[in-house]
Amino acid sequence: MTEPLARSDPTGGGTQPQEAELLRHMLRRPGYLKALAFCALIGIPVSLAAFWFLVLLHELEHALWADLPHAMGLDVPPWWWPFPLLLVAGTAVGLVAARLPGAGGHVPASGLHTGGASSSALPGVLLAAVACLPFGAVLGPEGPLIALGGGLALVFRDLAKVPATPQGTALLGAAGAAAAISAIFGNPLIAAVLLIEVAGVGGPQLFAVMLPALLSSGVGALVFTGLGRWTGLATGDLSLRLPAPLPRLDATDVLWALAIAVVLAAVLHPLLAGARLIAAYVTARPLVRTVQCALGAAACAALYALGTGRSPVDVASSGQSTLAALAADPHAWGVGALLAVLLFKGAAYTLCLGSLRGGPVFPGLFLGAAAGVLLSPLPGLGVVPAMAAGMAAASAITLRLPVSSVVLVVLLLGSSAMMPVVILAAVVAFVITELLPPGPAAAKDRAAAA
């Protein structure tokens, strides 16, 4: 039998959970209070490193996809532009995966992880990200940021000669990851919530890990805000500028949101299963097969540009800036362009998830938003509710983190007006995805873990 979770309170005040006693005892411990202070201090250098890392990625991407074409007399990158860039990305990631410690970080098809950060793996993680994300990988920077923050936190622990323990390593890794990742979402709250679900802990341990993470991410947000104003440099802004005022929800919007969640679960679940199969395929010969997948993603972007006359950057990118443009003027995208970007970006996303290095968040958000805009002409459905439901559903499916998905989309929208459809879409999409067969690659991984 398990130990009871509550016991009688001698004062007659009812029951007092043992978890509450454990938490109070933990917070009174001098060692834990010192760890809190140490995490706050770690948040400063980690945030500085993350800020300049994101600036580097942003400036490189702008130089490769805007400045260089303009210098050649081109208004937009031509259809063939992704091929040389993604060839560089595939070759660099393949070499890192085959020859450097840590293989450049975890494969994004397996989701976000906080464990496994180490100082020895950091050079490979950073090199793979810099040689991959600005060159057109259909991935975001959150995966390398988590590794950067967690790895740097452990480096500073070693420099300070703090004793290494399993609990301390987990705590510092979570704190460093939160400090680094808070900037890309523009809000320390989403970093803390994301780490709650990614870490997968509960009870008193949850608070023990998350208090340092929340504190460190708050410090990181202050550092990023100051650096952004003082330097004039940008790391990217995820906030959307939706047409105001936001519409009021009605029953039709809610019903269509449920349908959007079901459709996206049916479409994105096989896509993610395919990414895991590609990851298994690439493992046997990382250099050659990573290059093959990168060129396949380049072909997707080229075919999209040839078929629509639009820029290949719509496909060959994380989707962060394209998402902002889509939200600002959704009617600028015709039905054909929306169908094409969903088809080709979805295929490129699958290839990059299984072969390159990065994170799954931003392309998933874009695919959900584009699906919402495509379906918004349905009777009684508005553009904003459709986008909100699409982003929430796609985020919950790709991340398998429903609470983080809800918080992320609500903060992204800048309003709680769409919260009902966001919550319903995220929950329905998550439940359906979990009930669907995991696919052969995921089933094999679960069997091996068991």
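Counting from 1, residues in each chain are numbered in the order their sequence is written. Two thresholds apply to this predicted model, a pLDDT of at least 70 for residue-level local features and 80 or more for giving and counting side-chain atom pairs, whereas whole-chain, interface and lining totals are computed over all residues. To get the side-chain values, all heavy atoms of the structure are used, and hydrogens and water are removed first.

## Points about unusual backbone geometry
Alright, step 1. Positive phi values are uncommon outside glycine, yet A103 reaches one of about 55 degrees.
Alright, step 2. On the basis of relative accessibility, which here comes to 26%, the residue A103 falls in the partly exposed class.
Alright, step 3. Even without being a glycine, R400 presents a positive backbone phi close to 60 degrees.
Alright, step 4. By definition, any uninterrupted DSSP run of H or I lasting at least four residues is a helix, any uninterrupted run of E lasting at least two residues is a strand, and each is numbered from the N terminus. Along the chain, the position of R400 falls in the loop between α14 (383-399) and α15 (402-413). Type-normalised accessible area, obtained with a 1.4 Å probe on protein chains alone, sets the label of each residue: buried when under 20%, exposed when over 50%, and partly exposed for intermediate values.

## Brief notes about the pattern of salt bridges
Alright, step 1. Salt bridges are defined by distance alone: a side-chain nitrogen of Lys or Arg within 4 Å of a carboxyl oxygen of Asp or Glu. The tally for this structure, following the rule as stated, stands at 2 salt bridges.
Alright, step 2. Residue R310 is joined to D314 by a salt bridge in which the shortest nitrogen-to-oxygen separation is 3.0 Å.
Alright, step 3. In this structure D314 comes out as buried when scored by relative accessible area, which is 8%.
Alright, step 4. Of the charged contacts in the structure, one is a salt bridge between R400 and E434, with a shortest N-O distance of 3.1 Å. Residue R400 is located in the loop between α14 and α15, and its partner E434 is located in helix α16 (residues 419-435); the two are separated by 34 residues in the primary sequence.
Alright, step 5. The class for R400 is partly exposed, based on a relative accessible area of 23%.

## A few points about α16
Alright, step 1. Taking 1.5 Å per residue as the helical rise, α16 with its 17 residues ought to reach 24 Å, and the 24 Å between its terminal C-alpha atoms agrees with that figure.
Alright, step 2. Inspection of α16 places V421, V422, A425, A426, A429 and T433 among the buried residues, and these make up the whole buried set. Buried residues along α16 cover an arc of 125 degrees about the axis, so they all sit on one side.
Alright, step 3. By the convention used here, residues are in contact when the closest approach between their heavy atoms is within 4.5 Å. Looking at the buried residues of α16, the elements they touch are α9 (251-284), α14 and α15. Expected helix span is taken as 1.5 Å per residue step, with the number of steps being one fewer than the number of residues. To obtain the arc, one takes the directions from the helix axis to the C-beta atoms.

## A short note on the state of the cysteines
Alright, step 1. Note on terminology: disulfide denotes any pair of cysteine sulfur atoms within 2.5 Å. Counted under the stated rule, the structure contains 0 disulfides.
Alright, step 2. The structure places no disulfide on C293, whose sulfur is separated from the nearest cysteine sulfur, that of C352, by 8.4 Å.
Alright, step 3. C352 forms no disulfide, and the closest cysteine sulfur to it belongs to C132, at a distance of 6.8 Å.
Alright, step 4. Taking the relative accessible area as the measure of exposure, C352 reaches 0% and is therefore buried.

## Focus: helix α11 (residues 320-328)
Alright, step 1. Here α11 has its buried residues at Q320, T322, L323, L326 and A327. Buried positions in α11, seen along its axis, are confined to an arc of 160 degrees and lie on one side of it.

## Re the nonpolar core
Within soluble globular proteins, side chains that are nonpolar generally end up buried alongside one another.
Alright, step 1. By convention a nonpolar core is built from buried Ala, Val, Leu, Ile, Met, Phe, Trp, Tyr and Cys residues, the set being connected through side-chain atoms within 4.5 Å. Counting 121 residues, the largest nonpolar core has F185, L356 and V422 as its most contacted members.
Alright, step 2. Examining the composition of this core, we find that 13 residues originate from one element, helix α2 (residues 30-71), more than from any other.

## Remarks on the packing of aromatic side chains
Alright, step 1. Stacked, edge-to-face and tilted labels apply to pairs of Phe, Tyr and Trp rings (six-membered ring for Trp) whose centres lie within 6.5 Å, assigned for plane angles under 30 degrees, over 60, and everything in between, in that order. By the definition in use, this model includes 3 aromatic pairs.
Alright, step 2. Their ring planes at 50 degrees and their centres at 5.4 Å tell us that W80 and W81 sit as a pair that is tilted.
Alright, step 3. On the basis of relative accessibility, which here comes to 4%, the residue W81 falls in the buried class.
Alright, step 4. Between K345 and the ring centre of F366, over which it is positioned, the NZ or CZ distance is 5.3 Å. Only Lys NZ and Arg CZ are tested; either one counts as a charge over a ring when it is within 6 Å of the ring centre and within 35 degrees of the ring normal.

## Some remarks on the packing of helix α13 (residues 361-375) against α14
Alright, step 1. Note on geometry: axes are C-alpha line fits, over the in-contact stretch for helices, and angles between N-to-C directions span 0 to 180 degrees. Close contact between α13 and α14 brings their axes to 7 Å; oriented N to C, the two are set at 145 degrees. Considering the relative orientation of α13 and α14, their crossing is right-handed. Within the contact between the two elements, α13 uses V361, G364, L365, G368, A369, G372 and V373 and α14 uses A386, M387, G390, M391, A394, S395, T398 and L399.
Alright, step 2. Looking at the contact of α13 with α14, its residues break down into 9 nonpolar, 6 polar and no charged. It is the rotation of the near helix from the far one that decides the hand of a crossing: anticlockwise by less than a right angle makes it left-handed, clockwise makes it right-handed. Nonpolar residues are Ala, Val, Leu, Ile, Met, Phe, Trp, Tyr, Cys and Pro. Charged residues are Asp, Glu, Lys and Arg, and all others, Gly as well, are polar.

## Some points on the environment of C352
Alright, step 1. Secondary-structure assignment places C352 in helix α12 (residues 335-355).
Alright, step 2. With 62 residues separating them along the chain, C352 and T290 place their C-alpha atoms 8.8 Å apart.
Alright, step 3. Look past the residues within four positions of C352 in its chain and what remains in contact with it is P108, A137, V138, L139 and A297.

## Some details on the side chain of D253
Alright, step 1. By the element assignment, D253 lies in helix α9.
Alright, step 2. Using a relative accessible area of 4% as the deciding quantity, one classes D253 as buried.
Alright, step 3. Polar side-chain contacts of D253 include one of 3.4 Å to the backbone nitrogen of G382.
Alright, step 4. Apart from residues lying up to four places away in sequence, D253 is in contact with R248, G380, L381, G382, P385 and V421. Counted as a polar contact is a pair of N or O atoms within 3.5 Å, where, for protein atoms, one must be capable of donating a hydrogen and the other of accepting one, and residues adjacent in sequence contribute only when both atoms are in side chains.

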